[in-house]
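Chains, contacts and geometry: an overview
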Amino acid sequence: MDQVLSTKDSWYIEWAWVGGYSSLSTLVFIFNILIFFSVGKNKFLHYSFHYIIVALSLRNLLRVILTLCLVFLAKLIQTPWLLEATFLIPANTSTDGIDLTQTASMSLTCEVLSMWDHILMTAMMFYMAGMSLYMFCRHPNPSITEVSETTFKLSSIVPVKERSWVSPLLLLLPPLLAALLCLPIPLLHETHPMIALPGGSVCNLPDSAKFNTYQSSVAILGFLLPSAIVFCLMIGLSIRRCISCSGGTCVSSFCKEEMSLALLTLPYLAAYLAMYLPLLDHYLQKLDLPQTGLQPYITPEIARAVEMVLGLLLPVVVYSVLPGYRRFSSEPDASDLRRSKKESYNQSVTAPDSTRLSQESLELDCVIRNGYMS
């Protein structure tokens with residue numbers, strides 16, 4: 001059984017973690033909320049990719065709230081009299097002689113926190129898989145120009161248009177799949193230990209119940225399978241981008257979005273793998289294989305803190321890679337503007353030849369008709 005924080009760490013280390021979480025949560029809230037305004041102010045960002053970015057920023061906010069709840073619960077457990085005044089344990093229940101860090105002491109609270117934890121983790125991976133599949137199925141570059149057949153001049157740059165069912169499907173399907181994957185928690189009472197502070201583990205279980213079939217299923221279906229899909233599709237997107245670059249203009253807003261996906265996915269894969277280290281070492285030991293040996297250095301609380309730091313990764317990536325987020329106005333990407341000017345120039349060069357051929361064909365047709373009439 002893990003000891004509580006006050007008996008394991010000195011007070012200054014404890015409050016250093018609390019202060020770090022407070023400062024980090026403030027930054028995550030500010031910059032992720034800023035994404036809402038960036039997307040809302042620019043009509044050229046009103047399509048599925050950027051709607052998913054908004055959903056991921058909302059997910060980051062909820063993840064921060066969950067981590068702060070774990071910190072708050074760990075501190076409440078140190079003061080049982082204050083815990084009795086909350087609704088986290090059944091009414092008229094005495095805390096004397098009860099280990100409040102165990103799931104059996106706060107079953108409903110642990111089920112809610114466990115379900116919240118799994119939904120936010122698996123929804124992140126499902127969003128990444130859906131986003132990569134969406135990018136792989138669309139065109140390599142946006143169709144951004146409208147050309148007049150009579151003047152052969154560039155008339156406008158229009159926002160990306162999609163079918164009406166694409167955005168709702170990409171936004172609603174990942175959290176729905178995550179919720180379905182977490183149904184055994186309320187139905188079968190399948191919880192798991194969680195920790196946000198050193199020595200502040202909550203919802204502990206006996207060693208025989210920590211690594212069960214359900215936890216393995218969540219790791220496989222909610223992490224390994226989406227990771228494999230994203231990894232394979234990222235390779236496919238890279239190959240397609242090379243082919244697209246060899247046939248014309250390389251850089252476009254779609255190219256930057258694909259780069260953003262890679263920059264977001266790879267750190268999250270590493271962070272989630274660190275959170276699943278105990279499960280990985282458990283099955284390596286069962287197979288009589290050498291363990292990773294990383295658990296003494298990457299403890300569960302460090303892995304969760306790193307995953308919370310990644311809440312800043314989304315704003316950093318979108319504001320550094322995607323210029324549309326920095327403008328707060330309805331302006332297209334500069335790469336798309338350069339690409340449209342190049343296409344307009346190419347069409348204006350070929351237009352006189354087309355007109356001359358049409359005129360010669362018309363003159364030839366008139367000569368034939370005059371000869372026939374005579």
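Residues numbered from 1 in each chain as written. Predicted model: local features only at pLDDT ≥ 70, side-chain atom pairs only at ≥ 80, totals over all residues. Heavy atoms only, no water.

1. A short note on the overall build of the chain
- Scanning the chain from N- to C-terminus turns up 15 helices and two strands.
- Across the 374 residues in the chain, those meeting the buried criterion constitute 44%.
- The contacts of the chain with a sequence gap of at least 6 include a subset with a gap of at least 24, amounting to 80%.
- For the chain, the exposed area adds up to about 19,700 Å²; of that, 69% sits on carbon and sulfur atoms. (Helix = DSSP H or I, 4+ residues; strand = E, 2+ residues; numbered from the N terminus. Buried < 20%, exposed > 50% of the residue type's maximum accessible area, 1.4 Å probe, protein only. Contact = heavy atoms within 4.5 Å. Areas by Shrake-Rupley, 256 points an atom, 1.4 Å probe, with all protein chains shown as cover.)

2. So, the environment of Asp117
- Residue position: Asp117 is located in helix H5 (residues 107-137).
- Residues Asp117 and Met194, 77 residues apart in the sequence, show an inter-C-alpha distance of 8.8 Å.
- Ignoring anything within four residues of it in the chain, the contact list for Asp117 reads Arg63, Leu66, His192, Met194 and Arg304.
- Separated by 2.8 Å, the side chains of Asp117 and His192 make a polar contact. (Polar contact = N/O pair within 3.5 Å; in protein donor to acceptor, adjacent residues only side chain to side chain.)

3. Let's talk about the side chain of Asn32
- With respect to the helices, strands and loops of the structure, Asn32 is situated in helix H2 (residues 11-41).
- On the basis of relative accessible area, Asn32 is assigned to the buried category, the value being 0%.
- Of note is the side chain of Asn32, whose polar atom sits 2.7 Å from the backbone oxygen of Val28.
- When neighbours within four sequence positions are excluded, Asn32 is seen to be in contact with Ser57, Asn60, Leu61, Gly311, Leu314 and Pro315.

4. Side note on unusual backbone geometry
- Despite not being glycine, Asp288 has its phi angle at roughly 60 degrees, a positive value.
- Its place among the elements puts Asp288 in the loop between helix H11 (277-286) and helix H12 (300-309).
- Residue classification places Asp288 among the exposed positions, given a relative accessible area of 71%.

5. Some thoughts on the nonpolar core
- Counting residues in each nonpolar core, the largest one holds 52 residues, and the members touching the most others are Ile53 and Tyr325.
- Secondary structure elements with two or more residues in this core: H2, helix H3 (48-77), H5, helix H6 (166-181), helix H9 (213-247), helix H10 (253-275) and helix H13 (313-321).
- Ignoring any residue separated from it by four or fewer positions in sequence, one finds Ile53 in contact with Ile35, Met131, Leu264, Leu314, Val318 and Tyr325.
- Judged by nonpolar contacts, the second largest core, of 27 residues, contains Val18, Val64, Ile89 and Leu312. (Core = buried A, V, L, I, M, F, W, Y, C linked by side-chain atoms within 4.5 Å.)

6. Points about the confidence of the model for the chain
- On average, residues of the chain score 84 in pLDDT, and 82% of them reach the 70 mark or higher.
- Contacts for the low-pLDDT stretch residues 1-9, under 50 throughout, to residues beyond four places or in other chains number 21 contacts.
- Scored below 50 in pLDDT, residues 147-155 makes 14 contacts in the model with residues more than four places away or belonging to other chains. (pLDDT = per-residue confidence, 0-100.)

7. Let's talk about the packing of aromatic side chains
- Using the criterion set out here, one finds six aromatic pairs in the structure.
- On the basis of an interplanar angle of 50 degrees and a centroid distance of 6.1 Å, the ring pair of Trp17 and Tyr21 is categorised as tilted. Residue Trp17 and its partner Tyr21 are located together in helix H2, separated by four residues, close to a single helical turn.
- Overall, Trp17 belongs to the partly exposed group, its relative accessible area being 23%.
- The interplanar angle of 65 degrees and the centroid separation of 5.9 Å between the aromatic rings of Tyr268 and Tyr272 together place this pair among those described as edge-to-face. Remark: Tyr272 and Tyr268 occur in helix H10; sequence separation between them is four residues, near one turn of the helix.
- For Tyr268, a relative accessible area of 1% puts it in the buried group.
- Among the aromatic residues, those joined into a cluster by ring pairs are Phe223, Tyr268, Tyr272 and Tyr276. (Phe/Tyr/Trp six-rings, centres within 6.5 Å; stacked < 30°, edge-to-face > 60°.)

8. Regarding the packing of H10 against H12
- As a packed pair, H10 and H12 sit with axes 9 Å apart at the nearest point and diverge in direction by 160 degrees. One finds that H10 runs roughly antiparallel with respect to H12. Note that H10 runs across H12; the crossing there is left-handed. Contacts from Tyr268, Tyr272, Ala274 and Met275 of H10 reach H12 at Ala303, Arg304 and Glu307.
- Residues belonging to the contact of H10 with H12 are distributed by class as follows: five nonpolar, no polar and two charged. (Axes fitted to C-alpha atoms, helices over the stretch in contact; angles between N-to-C directions. Parallel < 35°, antiparallel > 145°, perpendicular 65-115°, else oblique. Left-handed = near helix turned anticlockwise from the far one by under 90°. Nonpolar A, V, L, I, M, F, W, Y, C, P; charged D, E, K, R; others polar.)

9. So, the pattern of salt bridges
- Enumeration according to the criterion identifies 11 salt bridges in this entry.
- Close ionic contact of Lys75 with Glu14 constitutes a salt bridge, the shortest N to O distance being 1.7 Å. Of this pair, Lys75 sits in helix H3 while Glu14 sits in helix H2, and the two are 61 residues apart along the sequence.
- Classification of Glu14 as buried rests on a relative accessible area of 5%. (Salt bridge = Lys/Arg side-chain N within 4 Å of Asp/Glu carboxyl O.)

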